[in-house]
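One-letter residues, chain by chain:
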Amino acid sequence: QVQLVESGGGLVQVGGSLKLSCAASGIIFRNVNMGWYRQAPGKQRELVASITSRSSTTYADSVEGRFTISRDNAKNTLYLQMNSLKPEDSAVYYCHTAPTLPYIHWGQGTQVTVSS
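Residues numbered from 1 in each chain as written. Predicted model: local features only at pLDDT ≥ 70, side-chain atom pairs only at ≥ 80, totals over all residues. Heavy atoms only, no water.

Undergrad: Which residues make up the sheet that holds strand β5 (residues 46–51), and what values go with them?
TA: The strand order across the open sheet formed by six strands is β2-β10-β9-β4-β5-β6, and the pairing between neighbours is mixed. This sheet does not close on itself; its edge strands, each paired only once, are β2 (10–13) and β6 (57–59). The average undirected angle you get between the axes of adjacent strands in this sheet is 25 degrees. For β2 and strand β10 (residues 110–115), the ladder comprises four bridges, and the chain directions are parallel. If you follow Gly 10 over to β10, its bridge partner there is Val 112. (Pairing = 2+ DSSP bridges. Helix = DSSP H or I, 4+ residues; strand = E, 2+ residues; numbered from the N terminus. Axes fitted to C-alpha atoms, helices over the stretch in contact; angles between N-to-C directions.)

Undergrad: Give me the lowdown on the pattern of salt bridges, citing residues and values where you can.
TA: Evaluated as defined, the whole model comprises three salt bridges. Between Asp 89 and Arg 38 there is a salt bridge, with its nearest N and O atoms 2.9 Å apart. Taken together, the residues Asp 89 in the loop between β8 (77–82) and β9 (91–97) and Arg 38 in strand β4 (residues 34–39) connect sequence positions 51 residues apart. Here Asp 89 falls in the buried class, since its relative accessible area comes to 1%. Classification of Arg 38 by relative accessible area gives buried; the value is 5%. One salt bridge in this structure joins Asp 89 and Arg 66, with 2.7 Å as the shortest N-O distance. (Salt bridge = Lys/Arg side-chain N within 4 Å of Asp/Glu carboxyl O. Buried < 20%, exposed > 50% of the residue type's maximum accessible area, 1.4 Å probe, protein only.)

Undergrad: Give me the side chain of Thr 110: which residues, what numbers.
TA: Position of Thr 110 relative to the elements: it lies in strand β10. A distance of 2.9 Å separates a polar atom in the side chain of Thr 110 from the backbone nitrogen of Gly 9. Excluding residues that lie within four positions of it along the chain, Thr 110 makes contacts with Glu 6, Ser 7, Gly 8, Gly 9, Leu 20, Ala 91, Val 92 and Tyr 93. (Polar contact = N/O pair within 3.5 Å; in protein donor to acceptor, adjacent residues only side chain to side chain. Contact = heavy atoms within 4.5 Å.)

Undergrad: I'd like a description of the nonpolar core, backed by residues and values.
TA: Ranked by internal contacts, the top residues of the largest apolar core, which has 31 residues, are Leu 4, Trp 36, Ile 69, Leu 78, Leu 80, Met 82 and Tyr 93. If you list the elements that add at least two residues to this core, you get β3 (18–25), β4, β5, β7 (67–72), β8, β9 and β10. Look past the residues within four positions of Ile 69 in its chain and what remains in contact with it is Met 34, Gly 35, Trp 36, Ala 49, Ser 50, Ile 51, Thr 57, Tyr 59, Leu 78, Tyr 79 and Leu 80. (Core = buried A, V, L, I, M, F, W, Y, C linked by side-chain atoms within 4.5 Å.)

Honestly, it's all geometry; don't read function into it.
Here it is as structure tokens:
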């Protein structure tokens, strides 16, 4: 069974930084394209960054230049370094495959709150 466990969220001031982690199990992590998604209250979940199995990355325009996605295949872990945080970055952040696979359940996510 695939498990995705996100961690590293918290409360941070505008302009601050956080690094999120996602521990994956039950999949051959190194072969899978992965992504970080977020969902703010009243909004749809959106993809903010993705990384291929070969570590090619893409970003949503809203986070380009501020967020960095990376992966450690030896540790089956996905990361998201978030810098220059803004209030509009506040959301629950999730990791998942990119594109998402319907048979993999979403994790609990990790809350990021940016205070102004």
